[in-house]
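Structure at a glance
Here are the chains, one letter per residue:
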Amino acid sequence: MQTTDKNLQIQEESEEKAEKPSESVTGNIASNVEDIGNTRDVKYLEGSVEEYLVACVKYHQAILQISESIQEILSPVMLASFLTNEVMICVAAFQMTIDESNGQVKLFASLLKDAIYLLMICWCGEQLTEQSLTVNEVIYDSHWYNRSPKLKKMVQMCLMRSQKPVRLTAAKLFTVSLETFSDIFNKVYAYFTILRNMWGE
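So, here's what we can say about the structure.

Conventions and cut-offs
Residues numbered from 1 in each chain as written. Predicted model: local features only at pLDDT ≥ 70, side-chain atom pairs only at ≥ 80, totals over all residues. Heavy atoms only, no water. Helix = DSSP H or I, 4+ residues; strand = E, 2+ residues; numbered from the N terminus. Buried < 20%, exposed > 50% of the residue type's maximum accessible area, 1.4 Å probe, protein only. Contact = heavy atoms within 4.5 Å. Patch = residues over 30% accessible without salt bridge, like charges linked within 9 Å, V, L, I, M, F, W, Y side chains within 5 Å. Areas by Shrake-Rupley, 256 points an atom, 1.4 Å probe, with all protein chains shown as cover. Salt bridge = Lys/Arg side-chain N within 4 Å of Asp/Glu carboxyl O. Disulfide = S-S within 2.5 Å. Polar contact = N/O pair within 3.5 Å; in protein donor to acceptor, adjacent residues only side chain to side chain. Phe/Tyr/Trp six-rings, centres within 6.5 Å; stacked < 30°, edge-to-face > 60°. Expected span 1.5 Å × (residues − 1). Core = buried A, V, L, I, M, F, W, Y, C linked by side-chain atoms within 4.5 Å.

1. Things to note about the overall build of the chain
Across its full length, the chain carries 5 helices and 2 strands. For the chain, the N- to C-terminal ordering of α and β elements is α-α-α-α-β-β-α. Looking at the chain as a whole, 24% of its 201 residues are labelled buried. In the chain, of all internal contacts separated by at least 6 residues, the share reaching a separation of at least 24 is 78%.

Below, the structure written as structure tokens:
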């Protein structure tokens, strides 16, 4: 009887082992399922990044088109405005030195108004150029080289376009920037000195 009971117990244990998979096999299956889930997550993230990048490219292209339209419309206007304000600042400064009446306050206010006007335009042009160059830096620092080949090609196209800065010009004669603002006042001072010398003679 004891031998029969032992045989039955051994048979039951072997059946239980056959029904239950080993822990190593279960662990391998779980890890494989987790890897499949991670792969799906990566593919989903890649797709989301591509969609987001496409939206950013379209937005960037729209901004470039707007800047080109502004350039075409305001370029001759800015040239006339720059030349006019340059002359007005020079004349106002010269009149202030030769006129000792109470009109100096008005002349100074006119000079200051024209100078602030030029400064605002040049500052806006400077900011536009700096922001367009920032796009190139941000794209390059986005670790795009670790992405899929399709995404790499899209990013490379963006990099090639963003390397060319957006600039506003006055009839393509000079760039609207803070450097131009400084050059204008250097010219104004030169003209002012010439007028003073001619007036003194």
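Read on, since the account is not over.
2. Describing a nonpolar patch on the surface
A cluster of nonpolar side chains, contributed by Ile66, Ile70, Ile73, Leu74 and Val77, occupies part of the molecular surface with about 450 Å² of accessible area. Within the element layout of this structure, Leu74 appears in helix 2 (residues 23-98).

3. With respect to the state of the cysteines
On inspection of all chains with the given rule, the structure shows 0 disulfides. Its sulfur unpaired, Cys122 is 9.4 Å from the next cysteine sulfur, which belongs to Cys124. Under the relative-accessibility criterion, Cys122 is labelled buried at 0%.

4. Section: the side chain of Thr169
Locating Thr169 in the fold gives a position in strand 1 (residues 169-170). Side-chain polar atoms of Thr169 contact the side chain of Gln71, separated by 2.4 Å. In this view, Thr169 contacts Gln71, Ser75, Met78, Phe174, Thr175 and Val176; residues no more than four positions away in its chain are not counted.

5. Here we look at the packing of aromatic side chains
Across all of its chains, the model carries 2 aromatic pairs by this definition. Both rings, one in Phe181 and one in Phe185, keep their centres 4.9 Å apart while their planes meet at 55°; by these two values the pair is tilted. With Phe181 and Phe185 both in helix 5 (residues 178-200) and 4 residues apart, the pair spans about one turn of that helix. Overall, the relative accessible area of 17% leaves Phe181 in the buried class.

6. Considerations on the environment of Glu137
By the element assignment, Glu137 lies in helix 3 (residues 104-140). In the structure, Glu137 is positioned 25 residues away from Ser162 in sequence and 9.0 Å away in space, judged by C-alpha atoms.

7. As for helix 3
Taking 1.5 Å of rise per residue, the 37 residues of helix 3 would be expected to cover 54 Å, and the 54 Å separating its terminal C-alpha atoms lies within 8% of that figure. For helix 3, the set of buried residues is Leu107, Leu111, Asp114, Ala115, Leu118, Ile121, Cys122, Gly125, Thr129, Ser132 and Ile139.

8. Focus on the nonpolar core
Residues Met78, Phe82, Ile89, Leu118 and Val176 are the most contacted members of the largest nonpolar core, which totals 20 residues. Of all elements in the fold, only helix 2, helix 3 and helix 5 reach the threshold of two or more residues within this core. Among the elements that line this core, the one with the most residues is helix 2, at 8 residues. Grouped together as the second largest cluster of nonpolar side chains are 8 residues, Leu53, Trp144, Met154 and Val155 included.

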